[in-house]
Amino acid sequence: MIKINLLDSVTDRARSVAAVEAQVANPRARTWLLAVVMLALTVLGMGVDWFSATSAYARAKSDLEREEAIAARMEAINKEQAELENKIKAIQTRIEAIKRLRASQRGPVAVLSALNERMPSIADFRLTNIEQKGGDLIVEGHSPNESAVTQFGRSLEFSSGLFSNVSIETERKELNVKKDDLKPGEVLEKDAPKPETVNFKITCKYSTPGSEAPAAEPAAADEKKKSKASATKDIAKK
């Protein structure tokens, strides 16, 4: 029977170790070995660097896309906010214009209402012109008699400060009655006295309700009333 020894002998192992050491000690072999190790390390480093750079680029790209989306949303929000602010400004401008219009309309309407409330309730008492110059209100009209004009002036004077510094000017005029103005059955007589009318002009100060009118001194106010009354009488006599 043939016997085979599978174990290396001690001498064979020594020879193999010596061969490896000889190969390692060879400068050319050592250079190739170092080159292979350096190449392997370089390729490994490049792979790690490429992988990390790719991951960082992907993260940066994702962050950039997210920031761009947020910036787009913010831009849309800012645009909507600007549009809303413009609409609010336009609405406020319209509200202010409406307020000014109502205030400008309230003044003349209040004046006409106040005058209408104080007009004498007689048939031929008429107001022909109402004009406001600065702080003065000028009222013109005609009346069949002076008592109605005086009554109207007193109602303006005693209006709790709404009308103040009231002065009245009157003038009598004859009316030219024509046949067309006569009622059915009336006859125009030559010697009959011609009808007269009293044209009046009232100048006063108008204060809006709620505003305080400047109070005049009692003595000065009495003297002013007396001078106005005397002027009215002189004009009426003329």
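Thresholds applied
- Counting restarts for each chain: residues are numbered from 1 in the order of the written sequence.
- Predicted model: local features are reported for residues with pLDDT of at least 70 only, side-chain atom pairs are reported and counted for 80 or more only, and whole-chain, interface and lining totals are derived from all residues.
- Side-chain numbers here rest on the full set of heavy atoms in the structure, without hydrogens or water.
- Only DSSP runs of H or I with at least four residues qualify as helices, and only runs of E with at least two residues qualify as strands; both kinds are numbered from the N terminus onward.
- Burial here depends on accessible area, computed with a 1.4 Å probe over protein chains only, as a share of the maximum for the residue type. Under 20% is buried, over 50% is exposed, and the range in between is partly exposed.
- Contacts between residues were defined by any pair of non-hydrogen atoms, one from each residue, lying within 4.5 Å.
- Nonpolar cores are built from buried Ala, Val, Leu, Ile, Met, Phe, Trp, Tyr and Cys residues. Side-chain atoms within 4.5 Å join them into one set.
- pLDDT is a residue-level measure of predictor confidence that goes from 0 to 100.
- By this definition, two strands are paired if DSSP reports at least two bridges between them.
- Working definition: rings of Phe, Tyr and Trp (its six-membered ring) pair if their centres are within 6.5 Å, and the pair is stacked with planes under 30 degrees apart, edge-to-face with planes over 60 apart, and tilted otherwise.

Secondary structure summary: the chain contains 4 helices and 4 strands in total. Each helix (α) and strand (β) of the chain, taken in turn from the N terminus, gives the series α-α-β-β-α-β-β-α. Burial status across the chain gives 13% buried among its 238 residues. Across the chain, every contact between residues at least 6 apart in sequence was considered, and the portion connecting residues at least 24 apart equals 67%.

With that settled, the discussion passes to the nonpolar core. Taken as a class, soluble globular proteins show a tendency for nonpolar side chains to be buried jointly. Formed by 19 residues in total, the largest nonpolar core has its most connected members in Leu-115, Leu-137, Phe-152, Leu-156, Phe-163, Val-166 and Ile-202. Where this core is concerned, the elements lending two or more residues are helix H2 (27-118), strand S2 (136-143), helix H3 (146-157), strand S3 (163-174) and strand S4 (196-206). Sort the elements by how many residues they give to this core and S4 lands first, with 5 residues. The contact partners of Ile-202, leaving out residues within four places of it in the chain, are Leu-137, Ile-138, Val-139, Phe-152, Leu-156, Val-166, Ser-167 and Ile-168.

Quick look at the confidence of the model for the chain now. Considering every residue of the chain, the mean pLDDT works out to 76; 66% of them sit at 70 or more. Taken as a whole, residues 212-221 scores under 50 in pLDDT and shows 2 contacts with residues more than four places along the chain or in a different chain. Throughout residues 227-238 the model reports pLDDT below 50, and contacts reaching past four residues in sequence, or to other chains, amount to 9 contacts.

Below, the discussion takes up the environment of Ala-148. Among the secondary structure elements, Ala-148 is positioned in helix H3. Accessibility expressed as a relative area gives 4% for Ala-148, which makes it buried. Ala-148 sits 50 residues away from Val-198 along the chain, and the two C-alpha atoms are 9.7 Å apart.

As judged from the 7 bridges shared by strand S1 (residues 126-133) and S2, these two strands associate in the antiparallel manner. Bridge assignment links Glu-131 to a residue of S2, and that residue is Ile-138. The turn joining S1 and S2, which pair antiparallel and follow one another in sequence, is formed by 2 residues; a positive phi near 65° is taken by Gly-134.

One pass over the structure, following the stated rule, counts 4 aromatic pairs. For the ring pair Phe-125 and Phe-152, a centre distance of 5.5 Å and an interplane angle of 70° mean the geometry is edge-to-face. Pair noted here: Phe-125 is in the loop between H2 and S1 and Phe-152 is in helix H3, with a separation of 27 residues, a long-range link. Exposure class is identical for Phe-125 and Phe-152. Each is buried. Look at Phe-125 and Phe-200: their rings are 5.3 Å apart centre to centre, the planes differ by 20°, and that puts the pair in the stacked class. Residue Phe-125 is located in the loop between H2 and S1, and its partner Phe-200 is located in strand S4; the two are separated by 75 residues in the primary sequence. In this structure, Phe-125 and Phe-200 share a single accessibility class: buried. In textbook terms, an aromatic cluster arises when at least three aromatic residues are bridged by ring pairs, as seen for Phe-125, Phe-152 and Phe-200.

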